[in-house]
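# Notes for the structure review
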Amino acid sequence: MSSDNAAQEAGRDVPGDGEPVWDVVVVGAGPAGASAAYAAASTGRKVLLLEKAELPRYKTCGGGIIGPSRDALPPGFELPLRDRVHAVTFSLNGKLTRTRRSKRMLFGLINRPEFDAGLVEVAKKAGAEVRTGVTVSRVEQHGSAVPDRRTVAIVLGDGQTLLARAVVGADGSAGRIGAHVGVKLDQVDLGLEAEIPVPATVAEDWAGRVLLDWGPIPGSYGWVFPKGDTLTVGVIAARGEGAGTKRYLEDFIARLGLAGFEPSVSSGHLTRCRSDDSPLSRGRVLVCGDAAGLLEPWTREGISFALRSGRLAGEWAVRIAEAQDAVDARRQALNYAFAIKAGLGVEMGVGRRMLTLFERRPGLIHAAVTGFRPAWHAFARITRGTTTLAEIVRTHPVARRVLSAMDKP
């Protein structure tokens, strides 16, 4: 054992089987889980990060890093950017195409395997222990596996039991921890994506520019994100429109002239948004990121929500770990929920209203962002992170009136 590991082991409570009682166990090593582990480990606590896959691993995701994501990264984290976006081409189901450009970078593009692995390395450097290839079967807060009321038991797929003072669930929207907490979801969407290697001449045409296409299914849209010699091409629409969504992607790829190139990866993924009354904790267990159903309902952007909620979950998990009784643990969990709802919850509320507007009037959204300079400037400021959608609605009377009108049946 290295001296660093020996220092980590010192002072731990150790049950009879030799396994330490961790202050915080984080389940899931995506951006939310890695951020939670980093935040908790940075306080000097004993933190274990579990991941069922081996890292790095592929994740269906456009890989756009907007301002709020960049601002939520650990200090000194170097983004593995594959491209920097200065232009956006908008189209309305392949028509009325227009490109808007910016002198300043709008947002960056990353490949998730590199990005996620980098965040995990930062968590390890902060002191978190990482175990991959580990499946969690369930968590228990009562029963024979739990030695006292300050402890949570994490039962693994191989039958091993880990003990912790607090648990953070970041294992995705279909994970075990969200089910334990009782997360409720009211919006489920299907995203389909292809990673398409292209020749240098095609890659050059897309360098620094993305495409956003408002799709044929209500609430749907498609995207092209360039990443060097590969284009990430995807579409998203409400679940239940599976055949139509697949057809949209096929038509979209053909319309772009990319049908002749063989994708290196073709994948699908369900995104899930939480209900307003969905819990964010149960006892000493918190959820964050996709496991909590936290993402922007209109764009389905989830990386910034994962990073921000993960950091908060890690910070509050430390407080829960220190709680001496159930009342104090409950108080800290409620404070975590308040922090989430006051920030990300407000953004999600405005996003839901924007999705309703977009479902009914995609042409209005397209006309605004391509032909109304203040709308384009608002888009640019949101992607850079100098404002939020919620702030724009709060401070701009026109935006507020449009959304209020759409709220009426």
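Computed from a predicted model, the values in this text were never measured in an experiment.

## Concerning helix α10 (residues 362–371)
Of all the residues in α10, the buried ones are Ile365, His366, Val369 and Thr370. Mapping the buried residues of α10 onto a view down its axis gives an arc of 110°, with all of them on the same face. Elements that come into contact with the buried residues of α10 comprise β5 (87–92), β6 (95–101), β13 (209–214), α9 (326–360) and α11 (373–384).

## Comments concerning the pairing of β6
By the bridge criterion, five bridges tie β5 to β6 in an arrangement that is antiparallel. Of the residues in β6, the one forming a bridge with Thr89 is Thr99. Between β5 and β6, which pair antiparallel one after the other, the connecting turn spans two residues, and Asn93 there sits at a positive phi close to 50°.

## Some points on the sheet that holds strand β14 (residues 221–227)
Read across the sheet, seven strands follow the order β6-β5-β13-β14-β15-β12-β16 without closing on themselves; strand pairing throughout is mixed. Looking at strand neighbours, the two that pair on one side only are β6 and β16 (265–274), the edges of this open sheet. Mean inter-strand twist for the sheet, computed between neighbouring axes without regard to direction, equals 20°. Of the pairings in the sheet, the one linking strand β12 (residues 185–197) to strand β15 (residues 230–238) comprises nine bridges and is antiparallel in character. Note on β15: the bridge partner recorded for Glu195 is Thr232. α9 contacts β12, β13, β14 and β16 of the sheet and is inclined by roughly 110° relative to β16.

## Things to note about the sheet that holds strand β3 (residues 64–65)
Taken together, the three strands give an open sheet; going across it, the order is β3-β7-β4, and neighbouring strands pair in antiparallel fashion. Every other strand in the sheet has two partners, leaving β3 and β4 (81–85) as the edge strands with one partner each. Bridge count for β3 against strand β7 (residues 107–110) is two bridges, and the pairing is antiparallel. Pairing of Gly64 across the sheet is with Leu109, part of β7.

## A few points about the nonpolar core
Residues Val24, Leu50, Phe115, Ile154 and Tyr336 are the most contacted members of the largest nonpolar core, which totals 72 residues. In terms of residue count, helix α8 (residues 303–322) provides more of this core than any other element does, eleven residues in total. Other than its neighbours up to four places away in sequence, Val24 contacts Ala40, Lys46, Val47, Leu48, Ala166, Val168, Ala317 and Val318. Counting residues in each nonpolar core, the second largest holds 28 residues, with Val85, Leu109, Phe358 and Ile365 among its members.

What counts and how
- Residues numbered from 1 in each chain as written.
- Predicted model: local features only at pLDDT ≥ 70, side-chain atom pairs only at ≥ 80, totals over all residues.
- Heavy atoms only, no water.
- Buried < 20%, exposed > 50% of the residue type's maximum accessible area, 1.4 Å probe, protein only.
- Helix = DSSP H or I, 4+ residues; strand = E, 2+ residues; numbered from the N terminus.
- Arc of directions from axis to C-beta.
- Contact = heavy atoms within 4.5 Å.
- Pairing = 2+ DSSP bridges.
- Axes fitted to C-alpha atoms, helices over the stretch in contact; angles between N-to-C directions.
- Core = buried A, V, L, I, M, F, W, Y, C linked by side-chain atoms within 4.5 Å.

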